[in-house]
Amino acid sequence: MSGKAGHGHNSAARCAATPRSDEAPSRGPALVEGVGTAISWLSIIPCRGAHFFDRTTGGRAMATMPVVGLILAAPTAALVALAAAYPDLRLLAAVAVVSTWQLLTRGMHVDGLADVGDALGSYAPPQRAQEILADRYTGALGAATMVLTLAVQTAAVYVLSGCGAAGVALISALPFGARIAATWGATHSHRPQKTTGFGGLIVGTIARWIPLLWAAVATCALWAILFPIAGSMSPIIAVATLVGFALPAGFLWPVFDRRFGGLNGDCFGAVIELSTAAAATVLSIVCVVAGV
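Residues numbered from 1 in each chain as written. Predicted model: local features only at pLDDT ≥ 70, side-chain atom pairs only at ≥ 80, totals over all residues. Heavy atoms only, no water.

Caption draft 1: Fine view of unusual backbone geometry. A positive phi is found at Arg106, a non-glycine position, where the angle reads about 60 degrees. The backbone of Tyr123 sits at a positive phi, close to 55 degrees, despite the residue not being glycine. Classification of Tyr123 as exposed rests on a relative accessible area of 69%. (Buried < 20%, exposed > 50% of the residue type's maximum accessible area, 1.4 Å probe, protein only.)

Caption draft 2: Spatial organisation of the nonpolar core. Ile202 and Phe256 are the most contacted members of the largest nonpolar core, which totals 67 residues. Among the elements that make up this core, the one with the highest residue count is helix 10 (residues 164–183) (10 residues). With sequence-adjacent residues up to four places away left out, Phe256 is seen in contact with Val116, Leu120, Gly261, Gly262, Leu263, Cys267, Ala270 and Val271. (Core = buried A, V, L, I, M, F, W, Y, C linked by side-chain atoms within 4.5 Å. Helix = DSSP H or I, 4+ residues; strand = E, 2+ residues; numbered from the N terminus. Contact = heavy atoms within 4.5 Å.)

Caption draft 3: Quick peek at the pattern of salt bridges. The tally for this structure, following the rule as stated, stands at 3 salt bridges. With a closest N to O distance of 3.1 Å, Asp257 and Arg191 form a salt bridge. Residue Asp257 is located in helix 13 (residues 234–260), and its partner Arg191 is located in the loop between helix 10 and helix 11 (198–202); the two are separated by 66 residues in the primary sequence. Under the relative-accessibility criterion, Asp257 is labelled buried at 12%. You can call Arg191 partly exposed: its relative accessible area is 44%. (Salt bridge = Lys/Arg side-chain N within 4 Å of Asp/Glu carboxyl O.)

Caption draft 4: Looking closely at the UniProt feature "transmembrane region" (unreviewed entry) in the protein. Per the UniProt annotation, the sites labelled "transmembrane region" (unreviewed entry) are residues 67–86, 155–176, 197–230, 236–256 and 268–291. With 95% helix and 0% strand, the stretch residues 67–86 has end C-alpha atoms that lie 30 Å from each other. Here residues 268–291 is 96% helix and 0% strand, with 34 Å between the C-alpha atoms at its ends. (UniProt positions renumbered as here; feature names shortened; annotations may be inferred.)

Caption draft 5: Just the environment of Thr57, in detail. By the secondary structure assignment, Thr57 is in helix 4 (residues 55–63). Each C-alpha atom of the pair Thr57 and Ile44 lies 19 Å from the other, and the pair is 13 residues apart in sequence. In this view, Thr57 contacts Arg27, Glu33, Thr37, Ala50 and Phe52; residues no more than four positions away in its chain are not counted. Only 3.2 Å separates the side chain of Thr57 from the backbone oxygen of Phe52, close enough to count as a polar contact. (Polar contact = N/O pair within 3.5 Å; in protein donor to acceptor, adjacent residues only side chain to side chain.)

Caption draft 6: Highlighting the packing of helix 5 (residues 66–85) against helix 10. Taken N-terminus to C-terminus, the directions of helix 5 and helix 10 make an angle of 160 degrees; their axes are 7 Å apart at the nearest point. It follows that helix 5 is roughly antiparallel to helix 10 by the angle criterion. Judged by the sense of rotation from one axis to the other, the crossing of helix 5 with helix 10 is right-handed. On helix 10, the residues that touch Pro66, Val68, Gly69, Leu70, Leu72, Ala73, Thr76, Ala77, Val80 and Ala81 of helix 5 are Val168, Ile171, Ser172, Pro175, Phe176, Arg179, Ile180 and Thr183. Of the residues in the contact of helix 5 with helix 10, the class split is 13 nonpolar, 4 polar and 1 charged. (Axes fitted to C-alpha atoms, helices over the stretch in contact; angles between N-to-C directions. Parallel < 35°, antiparallel > 145°, perpendicular 65-115°, else oblique. Left-handed = near helix turned anticlockwise from the far one by under 90°. Nonpolar A, V, L, I, M, F, W, Y, C, P; charged D, E, K, R; others polar.)

Okay, here's the thing in structure tokens:
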């Protein structure tokens, strides 16, 4: 997600006003409020979110953010199934899949990726890097990072779409896995750039066991889905999926924390896009080499 795009152009953010000191916050059930806020904030799907956005709301939304990935899986599966039925449309379907991900999320994650590309490429100290992240203009490095990442995603989706039913399942799982990788940035292991900024509302708001639980459930579910399709290869592919998301995320979060003096919304968008590209690449290689 992008701190600029995510926080300024969605219903959840517009309801982020802090209640007056004489008002008691009125909250709904944690799960319901978290899911509703995550969907309304991180997608174009109309959904009732929280009435205001504070760290409690941010934690609930981040803890349930992978649900948005499950929603994106439905149109993804339909497009990839179409490509499987009509192989000549595979390249067009791959472009459509990646475009659909961007359209359904308002492009907020790729916007964050571009900002992070500019900031990292500047090799500037943290204070200057924060200024670059906040700049609304995208430089050459940011544009190149964005284009290359989307190109890798498209190429990998194209390869996976030729892997039959296993390819359909794996491509559909990519948005889900990417958002699990992103939840780690909201754990107590990290710090926001500014306590009053957008990152201050989401970074450090959830326990570490939450993304770990999501990852365990997702890996087991993918294993079960793939078993009738890939047989003995299903555990290998499931573990490869976990590694494909975990390694880039495990590398990127500490780098962002160190280079930027903490995390902001752009960092989450960058992890979502880069981990998607990395995992899709790993899976395409594994499936082709294994002959899935």
